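# Descriptive analysis of the structure
Each chain is listed here by its residues.
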Amino acid sequence: MTILAIETSCDETSAAVVQSGRVLSNVVSSQIQLHAEYGGVVPELATREHLRNLAPVTQTALREANVTVDRLDAVAATRGPGLPSALLVGLKSAEALAFALRIPFLGIHHHEAHLYSPWLGGSPPAADFASFQPNVSLIVSGGHTMLVHVEAELKHRLLGSTVDDAAGECFDKVAKMIGLPYPGGPALEKLAAEGDSHAFAFPRPMLNEANDDFSFSGLKTSVRYCLRDDPAILSDGRRLRDVCASAQAAIVEVLVTKTLRAVRRLNVGCVTASGGVTCNLVLRKELVGACRNAGIVPRLAERTLCTDNAAMIGVLAERKLLGGQSSSPLDTDIAASWALA
Ligand code: KG4
Ligand code: ZN
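Reference entry: report on the structure contained in this document. None of these values were measured; they are calculated from a predicted model. Each residue is numbered by its place in its chain's sequence as written, counting from 1. Each chain gets a letter, beginning with A, and each ligand a number, beginning with 1, in the order they are written. In keeping with the model being predicted, local features are shown solely for residues with a pLDDT of at least 70 and side-chain atom pairs are shown and tallied solely at 80 or more, while totals for entire chains, interfaces and linings include all residues. Note that the side-chain values use all heavy atoms of the structure and ignore hydrogens as well as water.

## Quick notes on the site of ligand 1
The full set close to ligand 1 counts 17 residues, and Gly142, Asp172, Glu189, Gly276 and Asn280 are the nearest of them. Contacts to ligand 1 include Glu189, whose side-chain N or O atom sits 2.7 Å from a nitrogen atom. Each polar contact in these results corresponds to two N or O atoms within 3.5 Å; when the atoms are within protein, one needs to be able to donate a hydrogen and the other to accept it, and residues that are neighboring in sequence are counted only if both atoms are side-chain atoms. Within the contact set of ligand 1, a nitrogen atom lies 3.0 Å away from a side-chain nitrogen or oxygen of Asn280. In short, Shrake-Rupley with a 1.4 Å probe defines the accessible areas, and a residue's cover is counted only from the protein chains shown. Taking 550 Å² as the accessible area of ligand 1 by itself, protein coverage stands at 88%. Contributing elements (two or more residues each) for the shell around ligand 1: helix H5 (167–177) and helix H6 (184–192). Among the residues forming the shell around ligand 1, the class breakdown is five nonpolar, nine polar and three charged. In this text, near means that some heavy atom of the residue lies within 4 Å of the molecule or strand in question. Here a helix means four or more residues in a row that DSSP labels H or I, a strand means two or more in a row labelled E, and each is numbered from the N terminus. All residues other than Ala, Val, Leu, Ile, Met, Phe, Trp, Tyr, Cys, Pro, Asp, Glu, Lys and Arg, Gly among them, are scored as polar; the first ten of these are nonpolar and the last four charged.

## Considering the sheet that holds strand E12 (residues 297–300)
In this description, strands pair whenever DSSP reports at least two bridges between them. In spatial order, the strands read E10-E9-E8-E11-E12; together these five strands make up an open sheet with mixed pairing. In this open sheet, the two strands that pair with only one neighbour each are strand E10 (155–161) and E12. Sheet twist, expressed as the average angle between the axes of neighbouring strands with direction ignored, equals 20 degrees. Two strands pair when backbone bridges link them, and strand E8 (residues 135–140) and strand E9 (residues 145–152) are joined in this way by six bridges, in the antiparallel orientation. Bridging across to E9, Leu138 finds its partner in Leu147. Contacts were defined at the residue level, with two residues in contact if any of their heavy atoms lie within 4.5 Å. As a rule, the C-alpha atoms of each element are fitted with a line to give its axis, helices using only the stretch in contact, and angles between N-to-C directions run from 0 to 180 degrees. Sheet contacts for helix H9 (residues 281–294): E8, strand E11 (270–274) and E12; angle to E12, the most-contacted strand, approximately 155 degrees.

## Concerning H9
Multiplying 1.5 Å by the residue count of a helix minus one yields the expected span of that helix. Relative to the 20 Å expected for 14 residues at 1.5 Å per residue, H9 spans 20 Å between its end C-alpha atoms, a close match to the ideal helical length. Turning to H9, its buried residues are Leu283, Arg284, Leu287 and Cys291. Across the axial projection of H9, the buried residues extend over an arc of 100 degrees, all falling on one side. Counted as exposed and oriented over 90 degrees from the buried face of H9: Lys285, Arg292 and Asn293. For H9, the secondary structure elements touched by its buried residues are E8, helix H8 (237–266), E11, E12 and helix H10 (303–306). Capping the start of H9 is the job of one residue whose side-chain oxygen sits 3.0 Å from the backbone nitrogen of Val282: Asn280. Under the scheme applied here, a residue whose accessible area is under 20% of the maximum for its type counts as buried, over 50% as exposed, and between as partly exposed, the area being computed with a 1.4 Å probe on protein chains only. Each C-beta atom gives one direction from the helix axis, and the arc is the one those directions make.

## Concerning the coordination of the zinc ion (ligand 2)
Each metal site is built from N, O and S donor atoms within 2.8 Å (3.2 Å for Na, K and Ca), and since water is not included, such sites may look incomplete. Every protein donor of the zinc ion (ligand 2) is listed here as His110 (NE2), His114 (NE2) and Asp308 (OD), and their distances to the metal cover 2.1 Å. Counting residues between consecutive donors of the zinc ion (ligand 2) along the chain gives the motif H-x3-H-x193-D. Of the two residues, His110 and His114 both sit in helix H4 (residues 110–114), four residues apart, roughly one turn of that helix.

## Points about the side chain of Glu112
Here Glu112 is to be found in helix H4. Classification of Glu112 by relative accessible area gives buried; the value is 8%. Within the local environment of Glu112, its side chain forms a polar contact with the side chain of Lys320, the two groups lying 3.2 Å apart. Excluding residues within four positions of it along the chain, Glu112 makes contact with Leu154, His156, Leu316, Lys320 and Leu340.

## Focus on the pairing of strand E3 (residues 22–30)
Here eight bridges tie strand E2 (residues 12–19) to E3, and the two strands are oriented antiparallel to one another. Note on E3: the bridge partner recorded for Ala15 is Val27.

## Some points on the environment of Gly295
Topologically, Gly295 is positioned in the loop between H9 and E12. Residues Gly295 and Ala310 lie 15 residues apart in sequence; the distance between their C-alpha atoms is 32 Å.

## Re the packing of aromatic side chains
Two rings from Phe, Tyr or Trp (for Trp, the six-membered ring) form a pair when their centres are within 6.5 Å of each other. A pair whose planes differ by under 30 degrees is stacked, one over 60 is edge-to-face, and the rest are tilted. Across all of its chains, the model carries four aromatic pairs by this definition. A centroid spacing of 6.2 Å and a plane angle of 10 degrees characterise the contact between Phe214 and Phe216, whose relative ring orientation is stacked. For the pair formed by Phe214 and Phe216, the shared burial category is buried. Only when the NZ of Lys or the CZ of Arg is both within 6 Å of the ring centre and within 35 degrees of the ring normal is a charge said to sit over the ring. Lying across the ring of Trp338, Arg79 places its NZ or CZ 4.8 Å from the centre. In this structure, Arg319 packs its charged tip against the face of Phe129, placed 4.0 Å from the ring centre.

Structure (structure tokens):
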């Protein structure tokens, strides 16, 4: 089966061609530069940019895959959650193409797709469902932080999520407080690499609560108070690096500890992780280390596939289509607030 997949849920315009679990192409046009000036994603600008980029990105994906539209068996697109107008651009364009080609269309849940990006590996990437095993999946991005029990392929249950800020949002807000450009996560990680993670004792919110939820707004506020009470830190390179390292350590400790606790409770043997924050090398190292110590198999999405991409949409869509699912073309609406069940 050959599928064209489209992803436009936030600030990345992406198109991919997937064939029998193999990612033939995965083109991502990022809008980071555009939104950096505003310190965050501006929905109206994101939508205009998707409108401008979707056709060329799709053409490039088809060309790189060496596939013409008449060879497509289905089209898939992200249905939600995400920015409503951004979703509309991708979903309705994809659906119209499927209608014109008289082939099936499928709207995909963005977070459900994230559950499968850790199973993509190699170059070019291919889905390794042969080694699939029940797992606890950490999805950690700028908009979401959640733990999901993936009991079997296409069968999952949300365990918990953030009650306020997402982990990536916390990285971005702390970075902003110290004057780093948006998105702050990668820049903060760079500074943190030269800092002392024990220098400041920032809180580990909800670490000891007996649930799988997260909260990061208190940690962000604690950093804000620390800088307010001692503004000289802002012009002291060494202590600024210590703030970054200490804040990062707090975020990572909460994510790793709660993930491993869920794994033990549910008695599964595998942890997966995806989402932009999974690019963070300290999180990757700590998560892999904790898994190895506990005899758990870690499966982290490759760094290029952690952030939003259409490949994961296509891979999940193919599994679902092969399982008999599809929707009637022109019948699918976006679901901007679609919660993972
Ligand atoms: O998944 P993603 O590309 O977009 C969504 O939010 O859906 O994630 C972006 C988030 C941003 O908050 C960004 O700062 C964070 O991922 N991020 C990182 C790193 N790279 C990206 N956070 C910490 N360390 C990183 N290396
Ligand atoms: Zn995402």
